[in-house]
Amino acid sequence: MEANLFLLIGAGVLVACGVYLMLDRALTRMILGVTLIGNGANLLILQAGGRAGSPPIIGRDSEVADGAADPLAQAMILTAIVISMTLAGFMLSLAYRQYRYRTNDIVERDEEDRAVAARPNTPSAAPDHDRSADPDTGGLGSSGDAFGPRSFETPVKEADDEG
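(A) Structural detail: helix H1 (residues 5-22). Given a rise of 1.5 Å per residue, 18 residues ought to cover 26 Å, and the 26 Å separating the end C-alpha atoms of H1 matches this to within 8%. Within the sequence span of H1, burial applies to Ala11, Gly18 and Leu21. The buried residues of H1 occupy one face: seen down the axis, they fall within an arc of 100°. In H1, the exposed residues that point more than 90 degrees away from the buried face are Leu5, Phe6 and Tyr20. Structurally, the start of H1 carries an N-cap: the backbone nitrogen of Phe6 is 3.2 Å from a side-chain oxygen of Asn4.

(B) Inspection of the environment of Thr35 at higher detail. You can see Thr35 is positioned in helix H2 (residues 27-48). Separated by 50 residues in sequence, Thr35 and Met85 have C-alpha atoms that sit 7.7 Å apart. Apart from residues lying up to four places away in sequence, Thr35 is in contact with Met85 and Ala88.

(C) Quick peek at the confidence of the model for the protein chain. Mean pLDDT over the protein chain stands at 76; residues scoring 70 or higher make up 66%. Mean pLDDT across the elements of the protein chain ranges from a minimum in helix H5 (residues 149-162), with 52, to a maximum in H1, with 93.

(D) Representation of the pattern of salt bridges within the structure. This structure, assessed with the given rule, holds one salt bridge. Note that Asp24 is salt-bridged to Arg29, the shortest N-O span being 2.9 Å. According to the relative accessible area criterion, Asp24 is partly exposed, its value standing at 27%. Residue classification places Arg29 among the partly exposed positions, given a relative accessible area of 42%.

(E) Just the nonpolar core, in detail. Judged by nonpolar contacts, Leu27, Met30, Ile31, Val34, Met91 and Ala95 together constitute the single largest core of six residues. Elements that contribute at least two residues to this core include exactly H2 and helix H3 (71-102). For this core, the leading source of residues is H2, giving four residues. Apart from residues lying up to four places away in sequence, Met91 is in contact with Met30, Ile31 and Val34.

(F) Broad picture of the packing of H2 against H3. Axis separation between H2 and H3 bottoms out at 10 Å; the angle between their running directions is 175°. As the angle between them shows, H2 and H3 are arranged roughly antiparallel. Split by residue class, the contact of H2 with H3 holds 18 nonpolar, five polar and no charged.

Basis of the calculations
- Residues numbered from 1 in each chain as written.
- Predicted model: local features only at pLDDT ≥ 70, side-chain atom pairs only at ≥ 80, totals over all residues.
- Heavy atoms only, no water.
- Helix = DSSP H or I, 4+ residues; strand = E, 2+ residues; numbered from the N terminus.
- Expected span 1.5 Å × (residues − 1).
- Buried < 20%, exposed > 50% of the residue type's maximum accessible area, 1.4 Å probe, protein only.
- Arc of directions from axis to C-beta.
- Polar contact = N/O pair within 3.5 Å; in protein donor to acceptor, adjacent residues only side chain to side chain.
- Contact = heavy atoms within 4.5 Å.
- pLDDT = per-residue confidence, 0-100.
- Salt bridge = Lys/Arg side-chain N within 4 Å of Asp/Glu carboxyl O.
- Core = buried A, V, L, I, M, F, W, Y, C linked by side-chain atoms within 4.5 Å.
- Axes fitted to C-alpha atoms, helices over the stretch in contact; angles between N-to-C directions.
- Parallel < 35°, antiparallel > 145°, perpendicular 65-115°, else oblique.
- Nonpolar A, V, L, I, M, F, W, Y, C, P; charged D, E, K, R; others polar.

So this is what it looks like as structure tokens:
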């Protein structure tokens, strides 16, 4: 199999530029990075398909090519184009939502997410476990809140007992 060096270098440059753009915090650059990575992957799939040949249709031969082209690479490139455009459209909708919400396309670090991630994994640190027993005043009690597995299983048991 012969590989075109210029297409391989082009695919490598597209993927490298796409990765560089995806590491930025601006959503528009992330979208451009996803698009460049998708195009670089399409070039790599094109190279994996082998040399150009006659159309992969039974009964059609070309005088220029000695064999039929591989139709699998063409089908995979079409599928990759659809997937990359869908992903770009989804990211554009996220960018539009971000713009409407903050009028900025820079994704900033969220301190609340960091606080949630730093919380220990013990059940007492879960957001639905606290010591407030009274739903009106929030007064502390030893039983704690009524959220959890027992409160979810109680209605099911009552429904089974009635039936």
